[in-house]
Amino acid sequence: MTFGLRGVTVQQGGTTLLHDIDLELSPGTLTAVIGGDGAGKTTLLRSLVGLVAPTSGQVHSTPPGCLGYAGAASGVYRDLTVEENLRFAAAAYRLPRDLIGQRIAELLEVTALAASRARRAAHLSGGMRQKLAFACATMHHPELLVLDEPTTGVDPNSRAELWRLVARTLADGTTAVFSSTYVDEAARADHVLVLDRGRTLTAGPPETIRGGVPGQVVRLDGVTSEAPSWRRGRIRHAWIAPGARRPAGAAPIEPDLEDAVIVAALAASATRHREEAP
Amino acid sequence: MWAMVVKEFRQMRRDHRALALMIALPLLMLVVFGYAASFDVTQVPTRVVGPAAEQAARQLPGILEVVEVRAEQDADEARDALRAGEVPVAVVAGASQVRVLVDGSQLFTARAVAAGLASAAPTVDVEVLFNESLDTAAVMIPGIVGLILVFIGTVITSLGMVRERAAGTLEQLAVLPLRSRDVLVGKIAPYFLVAAVDLTVVVVVGVVLFEVPFNGSPWLLALGSALFLLVTLGVGLLVSSVSESSGQAIQLALMTLLPQVMLSGLIFPLEAMPVAIRSIAYVLPLTYFVEISRAVMVRGADLAAIAEPLLLLLVLGIVVFGAALARTRRDLVPARPRKDPTARQQAGPVTA
């Protein structure tokens, strides 16, 4: 079974938040929706879980009982303990009474929250709270798991743990989709959708996006160039558009996903400028 | 400092509800409460009974406004009419003696009648029923029970949905397999129980400590309280579902609380209010609860006597709860597509 969006447009208050978006979530795969602030990531995920009705287009989702969702605000009750939050989720998803204790113990163990089971969610770190939200969302072994910016504000160790949990859930056959502003996180996905101002900038498996970069990406290494460039650590990368001359001394490199996304944004911007020019 | 002043003004200008509360509401309250704030009862609906009723009705002082003359009725039937809340005063006109029966549960009315008769007809025998010593506590405490229920039901409950929205848990509830009514009933049930416990404690303390009479059936008071709580909890949920922050919810809840305190007959007698102001009182749930609690506790009224306010509370409950349910459903189930009628959202997986 495939979930996803077909030609979805969302307009609110005269603003188009999503414009004709297609996204197919293949069974058992992980999809990343990435983009900057205001790109439309949250609106897309909210459309998918039924919190936002599209102005046009179709949403193929799952009934609430088969859906797991953790919103950007984590959505756990801060004045309840870890275990109380899990018990509420178990009851809301109507888990059989005799299975609740076992499932909660299992989730506490895999999320390493067992020692904090009696702590209130308000007193957890950001990473622990996200893990709790993840545990609540996967309580019922959902068919579709939707995570809105699960790693924002989370330290690197907790991020790694969260991705381990996601991988485990995928292995159980769940289809998952997450949003992020961090391009490096998208590299672990089977499919990536890059949004820019509500439109699809580029989409596909990470290797396809990397391989589809028009022109060349070069490493400048102190070379001055008029080509659009960006900093990667201590060095600069630049995009040499198709037909443009590569500066002398600039070495071509194999673009990674982050380079490919930046090039896609630059190419889209160049197209827009050409179209808007008199 | 100037920067702070400018910033505050800008924020104030954008918070329309708070601005209305600061400017329009005080004016409205002044006008409404100015007319309502009166203890002076000038005319009291009166039934005249007994063999000499016709003659007595023509000779009564101005404060007693004769609304019925029932020569066939006797003193016991007049007492029953007062217990049922049909009229606050009955004049029993016998062949040789005239006696005035006054409902003591309507404190200011009873005092006005007693004072009016003392000066106009000092020889007439006045008998105050149900609250013989015209004790203020006996009349106020049954009403205060209602006020406490309004506080818990409306003010505390109003924070419920707002808290969910602020914490981001409302959208979580929306994707859980819960029906809107599950969420609504689940939200109010704990408050309902706490309010029921509070009600019991307040009534027991009132009876034991303040010697408030409890002449009627506790079950009738429980029934009235349950219906009244449903309305107040519904108002709380409605306020909660239309508010964007806790501050707004409290403001709105207080806006529903104040008129009830001032106009329900709890403090100022309804008989002393102009008709236009009194008509506002009749859409306020506390008006009916005050009527029910005083009737049951002080007068010992039966079910038939309080059937009308019970029914009106039920109607108010249905209206308010229906509105709260509709609003909550809007929060928990996304709106249908509006701009493109051909668009649709499909629930359930499809095979590609």
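Details of the structure are given in the entry above.
What this report covers is the structure whose coordinates are included nearby. (Residues numbered from 1 in each chain as written. Chains lettered and ligands numbered in written order. Predicted model: local features only at pLDDT ≥ 70, side-chain atom pairs only at ≥ 80, totals over all residues. Heavy atoms only, no water.)

**Remarks on empty space enclosed by the protein**
Under the criterion given, the structure shown has 1 cavity of 30 Å³ or more. Its boundaries defined by the atoms lining it, the largest cavity holds a volume of some 140 Å³. Together, 15 residues line the largest cavity, and A:Gly75, A:Phe88, A:Ala89, A:Cys136 and B:Gln172 are the ones closest to its centre. Only helix H2 (82–92) and helix H4 (126–137) of chain A together with helix H8 (169–175) of chain B provide two or more residues apiece to the lining of the largest cavity. When grouped by side-chain class, the residues that make up the lining of the largest cavity number 10 nonpolar, 5 polar and no charged. (1 Å grid on protein atoms, 1.4 Å probe; cavity = no way out; pocket = protein on both sides within 12 Å on 5 of 7 lines; lining within 4 Å. Points joined across faces, edges and corners; volume = space filled by probe spheres on them. Helix = DSSP H or I, 4+ residues; strand = E, 2+ residues; numbered from the N terminus. Nonpolar A, V, L, I, M, F, W, Y, C, P; charged D, E, K, R; others polar.)

**Description of the packing of aromatic side chains**
Counted according to the given criterion, the structure contains 5 aromatic pairs over all chains. On the basis of an interplanar angle of 90 degrees and a centroid distance of 5.5 Å, the ring pair of A:Tyr77 and A:Phe88 is categorised as edge-to-face. Here A:Tyr77, found in the loop between strand E5 (67–70) and H2, pairs with A:Phe88, found in helix H2; they are 11 residues apart in sequence, far enough to count as distant. By relative accessible area, A:Tyr77 is classed as buried at 16%. Ring geometry for B:Phe39 versus B:Phe108: centroids 4.6 Å apart, planes at 35 degrees, classification tilted. Here B:Phe39 is found in the loop between helix H2 (16–36) and strand E1 (44–49), whereas its partner B:Phe108 is found in helix H5 (residues 107–120), with 69 residues between them in sequence. Joined through ring pairs, the aromatic side chains of B:Phe39, B:Phe108 and B:Phe268 make up one cluster. Sitting above the plane of the A:Tyr182 ring, A:Arg159 keeps its charged end 4.4 Å from the centroid. (Phe/Tyr/Trp six-rings, centres within 6.5 Å; stacked < 30°, edge-to-face > 60°. Buried < 20%, exposed > 50% of the residue type's maximum accessible area, 1.4 Å probe, protein only. Lys NZ or Arg CZ within 6 Å of the ring centre and 35° of its normal.)

**Quick word on the nonpolar core**
Counting residues in hydrophobic clusters, the biggest one holds 143 residues, and the most contacted among them are A:Leu44, A:Leu86, A:Leu132, A:Val146 and A:Val192. In terms of residues, this core owes the most to one element, helix H10 (residues 218–242) of chain B, which gives 10 residues. Composition of this core by domain shows at least three residues from each of domain 1 (44–129) and domain 2 (136–332) of chain B. Not counting chain neighbours up to four residues away, the residues in contact with A:Leu86 comprise A:Ile104, A:Leu108, A:Leu132, A:Ala135, A:Cys136 and A:Met139. Core analysis: the second largest hydrophobic core is formed by 24 residues, B:Ala56, B:Ile63, B:Leu64 and B:Leu107 among them. (Core = buried A, V, L, I, M, F, W, Y, C linked by side-chain atoms within 4.5 Å. Domains from an automatic or database assignment. Contact = heavy atoms within 4.5 Å.)

**Remarks on the layout of surface pockets**
Taking a probe equal in size to a water molecule and rolling it over the atoms shows the remaining empty space. Residue and element names in this part refer to chain B. Approximately 900 Å³ is the volume attributed to the largest pocket. Forming the boundary of the largest pocket are 37 residues, of which Gly85, Gln106, Leu270, Glu271 and Glu291 lie nearest the centre. Among the secondary structure elements, those contributing two or more residues to the lining of the largest pocket are strand E2 (64–70), H5, helix H13 (285–299) and helix H14 (303–332). For the lining of the largest pocket, the element with the most residues is H13, which contributes 7 residues. Looking at the lining of the largest pocket residue by residue, the classes come out as 21 nonpolar, 8 polar and 8 charged.

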